[in-house]
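# A closer look at the structure
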Amino acid sequence: MKLRDIVERRQPPEPWAEGEKIPWSDPAFSARMLREHLSQEHDAASRRYNVIDRQVAWIHRALLGGRPTRVLDLACGPGLYCSRLARLGQPCVGVDYGPASVAYARAEAEREGLTCTYRQDDIRQAEYGIGYGLVMLLYGEFNVFRPAEARNIVRYYVVDAESGAVQRHASATQAYTDDQCREMLAGCGFDEVAFVDSLEGPEGEAQQGLKVIAAHKRAPPTWEDADGRVQDAGR
Ligand SMILES: C[S@@+](CC[C@H](N)C(=O)[O-])C[C@H]1O[C@@H](n2cnc3c(N)ncnc32)[C@H](O)[C@@H]1O
């Protein structure tokens, strides 16, 4: 890109046409973002620890009923939720494609001996296996994946002051109605869809228009095959 391309940029931008996302998986960007995830000055990359503590308490108590289950955290960042859930007895698998975040999460788990494993992978392609009691995708990340249409588009131009080289990153966000969410979840076999205003629970502090969507997927029916082995419809 050139500086002139900024002046001549298309207004309004076309959703997802100019880029997928901010460059989370770029090593240098990931290292800079890690500082922001861990910052206690703002909630821009991850929530501050006191908020995450309250959210994790609600997830553990209300969503999981305090019982241990395997948790899968998609786009887990530096594992701030996994590590806390593991301390409460919930074994966790976190997947993220930010190298610095995953390295931090792994080091934390190793240092404390937590039952957390992390994979550095793109959640759109990763194999996560089966057998999870809770799958999470937090902090509105669901809405930035490419759907049919978008509502908000943000462009970021990074200009190298010395060379004038320009890099563009664009990030689009899709809004869904509650009925669209229900329909999408039903299409994947989820029911009992509940909308909650805060990840701290119904009484908790609502956060910048983010909502919690909690849904339940029943275990597939099981039967015994001719050799007496238990089979299920998910296999
Ligand atoms: C706003 S941060 C939230 C991190 C974490 N869930 C939290 O709340 O602390 C978004 C995260 O999504 C990750 N991410 C975005 N797209 C991804 C993808 N396709 N595959 C894996 N991780 C992804 C980024 O690397 C980043 O860590």
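Residues numbered from 1 in each chain as written. Predicted model: local features only at pLDDT ≥ 70, side-chain atom pairs only at ≥ 80, totals over all residues. Heavy atoms only, no water.

Counting residues in each nonpolar core, the largest one holds 25 residues, and the members touching the most others are Ile59, Cys116, Tyr118 and Met136. Where this core is concerned, the elements lending two or more residues are helix H3 (49–63), helix H4 (80–87), helix H5 (99–112), strand S3 (116–120) and strand S4 (134–137). When residues of this core are assigned to their parent elements, the largest contribution, five residues, is made by H4. Those residues in contact with Tyr118 that sit more than four places away from it in its chain are Cys76, Gly79, Cys82, Ser83, Gly94, Val102, Ala105, Arg106 and Ala109. Membership of the second largest hydrophobic core comes to eight residues, among which are Leu72, Ile123, Ala126 and Phe145. (Core = buried A, V, L, I, M, F, W, Y, C linked by side-chain atoms within 4.5 Å. Buried < 20%, exposed > 50% of the residue type's maximum accessible area, 1.4 Å probe, protein only. Helix = DSSP H or I, 4+ residues; strand = E, 2+ residues; numbered from the N terminus. Contact = heavy atoms within 4.5 Å.)

This part takes up the environment of Glu192. Along the chain, Glu192 falls in strand S7 (residues 190–196). When the C-alpha atoms of Glu192 and His216 are compared, they prove to be 5.7 Å apart, with 24 residues separating the residues in sequence. Once you skip the residues sitting within four places of it in the chain, Glu192 turns out to touch Ala214, Ala215, His216 and Arg218.

It is worth spelling out the site of the ligand at this point. As a structural note, the neighbourhood of the ligand is formed by 19 residues, with Lys21, Ser46, Ala75, Asp96 and Ile123 the closest of them. Note that an oxygen atom of the ligand is positioned 2.6 Å from one of the side-chain N or O atoms of Ser46. Take Ala75: an N or O atom from its main chain is 2.8 Å from a nitrogen atom of the ligand. Surface burial for the ligand is 98%, taken as the share of its 590 Å² of free accessible area covered by protein chains. Residue classes in the shell around the ligand are distributed as nine nonpolar, four polar and six charged. (Near = heavy atom within 4 Å. Polar contact = N/O pair within 3.5 Å; in protein donor to acceptor, adjacent residues only side chain to side chain. Areas by Shrake-Rupley, 256 points an atom, 1.4 Å probe, with all protein chains shown as cover. Nonpolar A, V, L, I, M, F, W, Y, C, P; charged D, E, K, R; others polar.)

What follows deals with the pattern of salt bridges. Taken as a whole, this structure holds eleven salt bridges when the rule is applied. For the salt bridge of Arg48 with Asp43, the shortest nitrogen-to-oxygen distance reads 3.1 Å. Arg48 gets classed as partly exposed once you look at its relative accessible area, which sits at 28%. Lys211 is paired through a salt bridge with Asp178; the nearest N and O atoms lie 3.6 Å apart. Linking Lys211 in the loop between S7 and strand S8 (212–217) with Asp178 in helix H6 (residues 178–187), this pair joins segments that are 33 residues apart in sequence. By relative accessible area, which is 45% here, Lys211 ends up partly exposed. A network of salt bridges, in which partner residues are shared, links Arg87, Glu108, Arg111 and Glu112. (Salt bridge = Lys/Arg side-chain N within 4 Å of Asp/Glu carboxyl O.)

Secondary-structure assignment places Pro68 in the loop between H3 and strand S1 (71–74). C-alpha of Pro68 to C-alpha of Ala194: the two residues are 126 residues apart in sequence and 21 Å apart in space. With sequence-adjacent residues up to four places away left out, Pro68 is seen in contact with Gly89 and Gln90.

The next point concerns the packing of aromatic side chains. As enumerated under the stated definition, the model contains two aromatic pairs in all. Ring centres of Trp24 and Phe29 lie 6.2 Å apart, and the angle between their planes is 75°; on these two criteria the pair is classed as edge-to-face. Phe29 shares its class with Trp24; the two are buried. Seen in terms of ring centroids, Phe142 and Tyr176 are 5.3 Å apart; in terms of plane orientation they differ by 40°. Their pairing is tilted. Of this pair, Phe142 sits in the loop between S4 and strand S5 (152–159) while Tyr176 sits in the loop between strand S6 (166–173) and H6, placing them 34 residues apart in sequence. Judged by relative accessible area, which is 22%, Tyr176 ranks as partly exposed. The ring of Tyr139 carries the charged tip of Arg47 above its face, separated from the ring centre by 4.2 Å. Above the ring of Tyr132, the side-chain terminus of Arg70 is found at 4.4 Å from the ring centroid. (Phe/Tyr/Trp six-rings, centres within 6.5 Å; stacked < 30°, edge-to-face > 60°. Lys NZ or Arg CZ within 6 Å of the ring centre and 35° of its normal.)

Attention now goes to unusual backbone geometry. Even without glycine at this site, Ala75 takes up a positive phi of about 60°. Among the secondary structure elements, Ala75 is positioned in the loop between S1 and H4.

With that out of the way, let us pick up the pairing of S1. Residues Val71 and Asp73 line one face of S1 and the alternating positions Leu72 and Leu74 line the opposite face, and both faces are buried. Where S1 lies against strand S2 (residues 92–96), four bridges are found, and the strand directions are parallel. In the sheet register, Leu72 faces S2, and the bridge partner there is Val93. What joins S1 to S2 is H4, and the crossover it makes is right-handed. (Pairing = 2+ DSSP bridges. Right-handed = clockwise from strand over helix to strand, strands pointing away.)

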